[in-house]
Amino acid sequence: MGLKASCMTATFVREVAAVAKSASTKSTLPILGNVLIETTKGGLFLSATNLESRLRAFIPGNVEAKGSTTVDIKTLVHLIGQFDKNSRTDLLLDGNYLLVADGGEGTSGRLPTIDPLEMPTMPDYEQWPIVALIQPDLLKDRLEKAIPFCAGDEARPILTGVD
């Protein structure tokens, strides 16, 4: 079977919402609209990417069976938004579906999955040489000064980022 875990709903909702910011909403690759859910010794790792950025979050929880899968992040956010935040969320991978249940209310969903091997891998940053060390406060200050000059229109992508 694989992937059987539970965690606090409030933490799960918060971390899924955070990771969702990196998922792609307009991609021709369906996997980029998904969140990767992986079990580890002390809980779950969530990650999403749009091929330009990747967000990863850890959620402490109880893992009964190790495994990994991906599900559509918008569907997952909508489903868990209905859960009781003071309860727990149970996850169970059943074939090609992830069963997500509210441990307190009985609300649940059966979400189709995509093979986690299709998710783009994270680069091994340990192999990269350090080219500069920047104080966090200085970086924050410079980004706050530059961001107002970035365009929000994706028709001219050269103006949407900060280099």
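Residues numbered from 1 in each chain as written. Predicted model: local features only at pLDDT ≥ 70, side-chain atom pairs only at ≥ 80, totals over all residues. Heavy atoms only, no water.

**Student:** Explain the environment of cysteine 150 here, please?
**Tutor:** Mapped onto the elements, cysteine 150 comes out in the segment after helix H3 (136–146). Between the C-alpha atom of cysteine 150 and that of isoleucine 59, which follows or precedes it by 91 residues, the distance is 33 Å. (Helix = DSSP H or I, 4+ residues; strand = E, 2+ residues; numbered from the N terminus.)

**Student:** Can you walk me through the nonpolar core in this structure?
**Tutor:** Burial of nonpolar side chains together is a common tendency in soluble globular proteins. If you look at the biggest cluster of nonpolar residues, it comprises 25 residues, and the most contacted ones within it are Phe12, Ile37, Leu76 and Val100. Where this core is concerned, the elements lending two or more residues are strand S1 (4–8), helix H1 (9–20), strand S2 (34–40), strand S3 (43–49), strand S4 (54–65), helix H2 (73–80), strand S6 (88–94) and strand S7 (97–102). (Core = buried A, V, L, I, M, F, W, Y, C linked by side-chain atoms within 4.5 Å. Buried < 20%, exposed > 50% of the residue type's maximum accessible area, 1.4 Å probe, protein only.)

**Student:** Would you take a moment to explain the sheet that holds S3 for this structure?
**Tutor:** Within a sheet, adjacent strands bond to each other through the backbone by hydrogen bonds, running parallel or antiparallel. The sheet built from eight strands closes into a barrel, its strands ordered S1-S4-S3-S2-S5-S8-S7-S6 with antiparallel pairing. Taking each pair of neighbouring strands and ignoring which way they run, the sheet shows an average axis angle of 35°. As judged from the four bridges shared by S1 and S4, these two strands associate in the antiparallel manner. Looking at the pairing, serine 6 lines up with asparagine 62 of S4. Set on the sheet, H1 makes contact with S1, S2, S3, S4 and S6; between it and S4 the angle comes to about 150°. Across the sheet, H2 lies against S2, strand S5 (68–72), S7 and strand S8 (108–114), angled at about 85° from S5, the strand it touches most. (Pairing = 2+ DSSP bridges. Axes fitted to C-alpha atoms, helices over the stretch in contact; angles between N-to-C directions. Contact = heavy atoms within 4.5 Å.)

**Student:** It is not clear to me how a nonpolar patch on the surface should be interpreted in this structure. Could you clarify?
**Tutor:** Residues Ile134, Leu138, Leu139, Leu143 and Ile147 make up a contiguous nonpolar surface patch of roughly 430 Å² in combined accessible area. Residue position: leucine 138 is located in helix H3. When its relative accessible area of 41% is taken as the criterion, leucine 138 is described as partly exposed. (Patch = residues over 30% accessible without salt bridge, like charges linked within 9 Å, V, L, I, M, F, W, Y side chains within 5 Å. Areas by Shrake-Rupley, 256 points an atom, 1.4 Å probe, with all protein chains shown as cover. Salt bridge = Lys/Arg side-chain N within 4 Å of Asp/Glu carboxyl O.)

**Student:** Honestly, the pattern of salt bridges in this entry has me stumped. Any pointers?
**Tutor:** Any two side chains of opposite charge can pair, on the condition that their charged atoms come close. In this structure the tally under the stated criterion is seven salt bridges. Between lysine 4 and glutamate 64 there is a salt bridge; the shortest N-O distance is 3.6 Å. Remark: glutamate 64 occurs in strand S4 and lysine 4 occurs in strand S1; sequence separation between them is 60 residues. According to the relative accessible area criterion, glutamate 64 is exposed, its value standing at 56%. Lysine 145 is the partner of aspartate 141 in a salt bridge, and the nearest nitrogen-oxygen pair spans 3.4 Å.

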